[in-house]
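Commentary on secondary and tertiary structure
Now for the letters of each chain:
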Amino acid sequence: VIHDSYPTYSAVAVDPLRNEVVLQDENLFQILVFDRAANTPPGASMTEPKRVIGGRKTKVEFNCGLYVDPKNGDIYSVSNDTMNNMVIFSHEARGDVPPSRELFTPHRGYGIAVDEENQELFLTVEHPPQVLAYRKMAQGDEKPLRVLKGEHTQLADAHGIAIDTKNQWMFVANH
(Lines give C-alpha, C1' and ligand atoms only; values in the text may rest on other atoms or scores of the structure.)
Protein backbone atom coordinates (compact mmCIF):
# COMPACT_ATOMS: atom_id res chain seq x y z
CA VAL A 1 0.00 0.00 0.00
CA ILE A 2 1.29 3.42 -0.94
CA HIS A 3 -0.39 6.20 1.02
CA ASP A 4 0.17 9.93 0.58
CA SER A 5 -0.14 11.40 4.07
CA TYR A 6 -0.06 15.04 2.97
CA PRO A 7 -3.10 17.22 2.29
CA THR A 8 -3.91 18.66 -1.11
CA TYR A 9 -5.85 21.85 -0.58
CA SER A 10 -8.64 22.48 -3.09
CA ALA A 11 -10.46 25.46 -1.57
CA VAL A 12 -10.08 28.12 1.10
CA ALA A 13 -12.58 30.32 2.95
CA VAL A 14 -12.09 32.98 5.60
CA ASP A 15 -14.44 33.46 8.52
CA PRO A 16 -13.55 36.98 9.75
CA LEU A 17 -16.18 36.94 12.50
CA ARG A 18 -14.58 33.91 14.17
CA ASN A 19 -11.05 34.73 12.95
CA GLU A 20 -10.66 31.37 11.18
CA VAL A 21 -9.38 30.05 7.87
CA VAL A 22 -11.07 26.91 6.53
CA LEU A 23 -9.24 24.65 4.07
CA GLN A 24 -10.56 21.69 2.10
CA ASP A 25 -8.24 18.74 1.69
CA GLU A 26 -9.35 16.59 -1.22
CA ASN A 27 -6.49 14.12 -0.81
CA LEU A 28 -7.29 13.00 2.74
CA PHE A 29 -11.03 13.81 2.51
CA GLN A 30 -11.15 16.34 5.33
CA ILE A 31 -11.86 19.94 6.24
CA LEU A 32 -9.32 21.76 8.41
CA VAL A 33 -10.03 24.89 10.45
CA PHE A 34 -7.12 27.10 11.50
CA ASP A 35 -6.79 30.20 13.64
CA ARG A 36 -6.44 33.02 11.07
CA ALA A 37 -3.61 34.68 13.03
CA ALA A 38 -1.66 31.49 13.82
CA ASN A 39 2.03 31.23 13.00
CA THR A 40 3.87 27.97 12.58
CA PRO A 41 6.09 27.52 15.65
CA PRO A 42 9.86 27.25 15.02
CA GLY A 43 10.84 23.67 14.32
CA ALA A 44 7.24 22.55 13.68
CA SER A 45 6.42 20.99 10.32
CA MET A 46 3.10 22.85 10.11
CA THR A 47 0.57 24.89 12.03
CA GLU A 48 -1.84 22.57 13.80
CA PRO A 49 -5.53 23.06 12.96
CA LYS A 50 -8.03 24.10 15.64
CA ARG A 51 -10.28 21.30 14.48
CA VAL A 52 -10.58 18.73 11.68
CA ILE A 53 -13.75 17.32 10.15
CA GLY A 54 -13.09 14.02 8.41
CA GLY A 55 -13.94 10.32 8.33
CA ARG A 56 -16.57 8.01 6.87
CA LYS A 57 -19.52 9.51 8.74
CA THR A 58 -18.80 12.99 7.31
CA LYS A 59 -19.46 11.93 3.69
CA VAL A 60 -16.59 14.25 2.68
CA GLU A 61 -14.87 12.90 -0.42
CA PHE A 62 -12.93 14.73 -3.17
CA ASN A 63 -14.26 17.93 -1.61
CA CYS A 64 -13.76 20.94 -3.86
CA GLY A 65 -16.44 23.58 -3.26
CA LEU A 66 -16.40 25.44 0.06
CA TYR A 67 -18.52 28.13 1.71
CA VAL A 68 -18.63 29.41 5.29
CA ASP A 69 -21.87 31.02 6.47
CA PRO A 70 -20.93 34.53 7.63
CA LYS A 71 -23.58 34.56 10.38
CA ASN A 72 -23.41 31.15 12.07
CA GLY A 73 -20.12 29.71 10.76
CA ASP A 74 -21.69 26.63 9.15
CA ILE A 75 -19.34 24.98 6.65
CA TYR A 76 -20.74 23.92 3.25
CA SER A 77 -18.69 21.37 1.30
CA VAL A 78 -19.29 19.94 -2.17
CA SER A 79 -17.93 16.51 -3.10
CA ASN A 80 -16.78 15.91 -6.67
CA ASP A 81 -16.43 12.77 -8.81
CA THR A 82 -17.41 10.04 -6.33
CA MET A 83 -20.24 11.49 -4.23
CA ASN A 84 -23.33 13.36 -5.39
CA ASN A 85 -23.86 15.65 -2.45
CA MET A 86 -23.19 18.84 -0.59
CA VAL A 87 -22.74 18.42 3.17
CA ILE A 88 -23.18 21.12 5.78
CA PHE A 89 -21.50 21.06 9.20
CA SER A 90 -22.18 23.30 12.17
CA HIS A 91 -19.40 25.59 13.34
CA GLU A 92 -18.87 23.27 16.31
CA ALA A 93 -18.39 20.08 14.24
CA ARG A 94 -15.15 18.18 14.68
CA GLY A 95 -13.93 14.67 13.98
CA ASP A 96 -15.81 11.88 12.23
CA VAL A 97 -19.35 13.24 12.60
CA PRO A 98 -22.34 13.11 10.25
CA PRO A 99 -23.25 16.38 8.53
CA SER A 100 -26.01 18.43 10.15
CA ARG A 101 -27.62 18.69 6.71
CA GLU A 102 -27.07 17.12 3.27
CA LEU A 103 -28.29 18.08 -0.21
CA PHE A 104 -28.19 15.51 -2.99
CA THR A 105 -26.70 17.14 -6.08
CA PRO A 106 -25.94 16.14 -9.67
CA HIS A 107 -22.73 14.21 -10.29
CA ARG A 108 -19.60 16.37 -10.65
CA GLY A 109 -20.72 19.34 -8.55
CA TYR A 110 -17.85 21.74 -8.03
CA GLY A 111 -18.22 25.37 -6.92
CA ILE A 112 -20.47 27.13 -4.40
CA ALA A 113 -21.57 30.75 -4.07
CA VAL A 114 -24.34 32.13 -1.87
CA ASP A 115 -26.55 35.19 -2.22
CA GLU A 116 -27.20 35.85 1.47
CA GLU A 117 -29.78 38.59 0.83
CA ASN A 118 -32.01 36.29 -1.25
CA GLN A 119 -31.00 33.13 0.66
CA GLU A 120 -30.02 31.32 -2.54
CA LEU A 121 -27.14 28.90 -3.06
CA PHE A 122 -25.53 28.47 -6.49
CA LEU A 123 -23.74 25.27 -7.44
CA THR A 124 -21.67 24.66 -10.58
CA VAL A 125 -21.65 21.26 -12.26
CA GLU A 126 -18.74 20.25 -14.49
CA HIS A 127 -20.56 17.96 -16.91
CA PRO A 128 -23.02 18.50 -18.31
CA PRO A 129 -22.01 22.10 -17.60
CA GLN A 130 -24.64 23.99 -15.64
CA VAL A 131 -25.36 26.23 -12.68
CA LEU A 132 -28.14 25.29 -10.27
CA ALA A 133 -29.81 27.73 -7.87
CA TYR A 134 -31.19 26.23 -4.64
CA ARG A 135 -32.72 27.64 -1.51
CA LYS A 136 -29.80 28.19 0.84
CA MET A 137 -31.39 25.83 3.38
CA ALA A 138 -32.21 23.11 0.79
CA GLN A 139 -31.66 19.52 1.86
CA GLY A 140 -32.28 15.95 0.80
CA ASP A 141 -33.78 15.50 -2.67
CA GLU A 142 -34.95 19.12 -2.94
CA LYS A 143 -34.98 20.30 -6.54
CA PRO A 144 -33.23 23.50 -7.69
CA LEU A 145 -35.22 26.71 -8.08
CA ARG A 146 -33.55 27.45 -11.43
CA VAL A 147 -31.05 25.81 -13.79
CA LEU A 148 -28.74 27.63 -16.20
CA LYS A 149 -27.51 25.34 -18.99
CA GLY A 150 -27.26 24.95 -22.74
CA GLU A 151 -24.87 25.88 -25.52
CA HIS A 152 -25.81 29.58 -25.50
CA THR A 153 -24.53 29.94 -21.90
CA GLN A 154 -20.92 29.21 -23.01
CA LEU A 155 -20.50 27.04 -19.92
CA ALA A 156 -17.85 24.36 -20.40
CA ASP A 157 -16.67 22.24 -17.47
CA ALA A 158 -18.00 24.85 -15.00
CA HIS A 159 -15.85 25.17 -11.87
CA GLY A 160 -15.56 28.39 -9.86
CA ILE A 161 -18.44 30.76 -9.23
CA ALA A 162 -18.90 34.20 -7.66
CA ILE A 163 -22.02 36.31 -7.22
CA ASP A 164 -22.12 40.12 -7.45
CA THR A 165 -25.41 40.88 -5.68
CA LYS A 166 -25.08 44.66 -6.11
CA ASN A 167 -25.03 44.48 -9.92
CA GLN A 168 -26.98 41.21 -10.26
CA TRP A 169 -24.09 39.41 -11.98
CA MET A 170 -22.87 35.83 -11.80
CA PHE A 171 -19.30 34.94 -12.77
CA VAL A 172 -18.49 31.33 -13.66
CA ALA A 173 -15.00 30.00 -14.44
CA ASN A 174 -14.78 27.25 -17.01
CA HIS A 175 -11.95 24.74 -16.56
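First, a word on scope: everything that follows refers to the structure included in this document.

The strand order across the open sheet formed by four strands is β1-β2-β3-β4, and the pairing between neighbours is antiparallel. In this open sheet, the two strands that pair with only one neighbour each are β1 (9-15) and β4 (51-54). Taken pair by pair, the neighbouring strands of this sheet meet at an average axis angle of 15 degrees, ignoring direction. Summarising the sheet, strand β2 (residues 20-25) and strand β3 (residues 30-35) pair through six bridges and their orientation is antiparallel. Paired with Val21 across the bridge in β3 is Phe34.

If you trace the backbone, Glu116 turns up in the loop between β9 (109-115) and β10 (120-125). Accessibility expressed as a relative area gives 18% for Glu116, which makes it buried. A distance of 2.3 Å separates the side chain of Glu116 from the side chain of Tyr67, its partner in a polar contact. Non-local contacts of Glu116, meaning those with residues more than four positions away in its chain, are made with Tyr67, Asp69, Pro70, Lys71 and Lys136.

On to unusual backbone geometry, then. In this model, His127 is joined to Pro128 through a cis peptide bond whose omega is -5 degrees. Here Pro128 shows up in the loop between β10 and β11 (130-135). Backbone geometry at Gln154 places phi at a positive 65 degrees, although glycine is not the residue there. Within the secondary structure, Gln154 is located in the loop between β12 (146-149) and β13 (158-164).

Our next topic: the sheet that holds β11. Spatially, four strands are ordered β9-β10-β11-β12 in an open sheet, and the strand pairing comes out antiparallel. With one partner strand each, in any of the chains shown, β9 and β12 form the two edges of the open sheet. Taking each pair of neighbouring strands and ignoring which way they run, the sheet shows an average axis angle of 20 degrees. Inspection of the sheet shows β9 paired to β10 by five bridges, in the antiparallel sense. Among the inter-strand pairings, Gly109 is bridged to a residue of β10, identified as Val125.

It is worth spelling out the nonpolar core at this point. Among the nonpolar cores identified, the biggest contains 14 residues, and Tyr76, Met86, Ile112, Leu121 and Tyr134 are the most heavily contacted of them. At the level of elements, β6 (75-79), β7 (85-89), β9, β10 and β11 are the ones that each hand at least two residues to this core. For this core, the leading source of residues is β10, giving three residues. With near-sequence residues (within four places) excluded, Tyr134 lies in contact with Leu103, Phe104, Thr105, Pro106, Gln119, Glu120, Leu121, Leu123, Glu142, Lys143, Pro144 and Leu145.

With that out of the way, let us pick up the packing of aromatic side chains. One pass over the structure, following the stated rule, counts three aromatic pairs. Here the aromatic rings of Phe29 and Phe62 are separated by 4.9 Å at their centres, their planes lie at 65 degrees, and the arrangement is edge-to-face. In this pair, Phe29 sits in the loop between β2 and β3 while Phe62 sits in the loop between β4 and β5 (63-68), placing the two residues 33 residues apart along the sequence. Among the residues examined, Phe29 registers a relative accessible area of 25% and is labelled partly exposed. On the basis of an interplanar angle of 75 degrees and a centroid distance of 5.6 Å, the ring pair of Tyr67 and Tyr76 is categorised as edge-to-face. Taking relative accessible area as the criterion, Tyr67 reaches 13% and is therefore assigned buried. When its relative accessible area of 0% is taken as the criterion, Tyr76 is described as buried.

Here is what the cut-offs are and how they apply
- Residues numbered from 1 in each chain as written.
- Predicted model: local features only at pLDDT ≥ 70, side-chain atom pairs only at ≥ 80, totals over all residues.
- Heavy atoms only, no water.
- Pairing = 2+ DSSP bridges.
- Helix = DSSP H or I, 4+ residues; strand = E, 2+ residues; numbered from the N terminus.
- Axes fitted to C-alpha atoms, helices over the stretch in contact; angles between N-to-C directions.
- Buried < 20%, exposed > 50% of the residue type's maximum accessible area, 1.4 Å probe, protein only.
- Polar contact = N/O pair within 3.5 Å; in protein donor to acceptor, adjacent residues only side chain to side chain.
- Contact = heavy atoms within 4.5 Å.
- Core = buried A, V, L, I, M, F, W, Y, C linked by side-chain atoms within 4.5 Å.
- Phe/Tyr/Trp six-rings, centres within 6.5 Å; stacked < 30°, edge-to-face > 60°.

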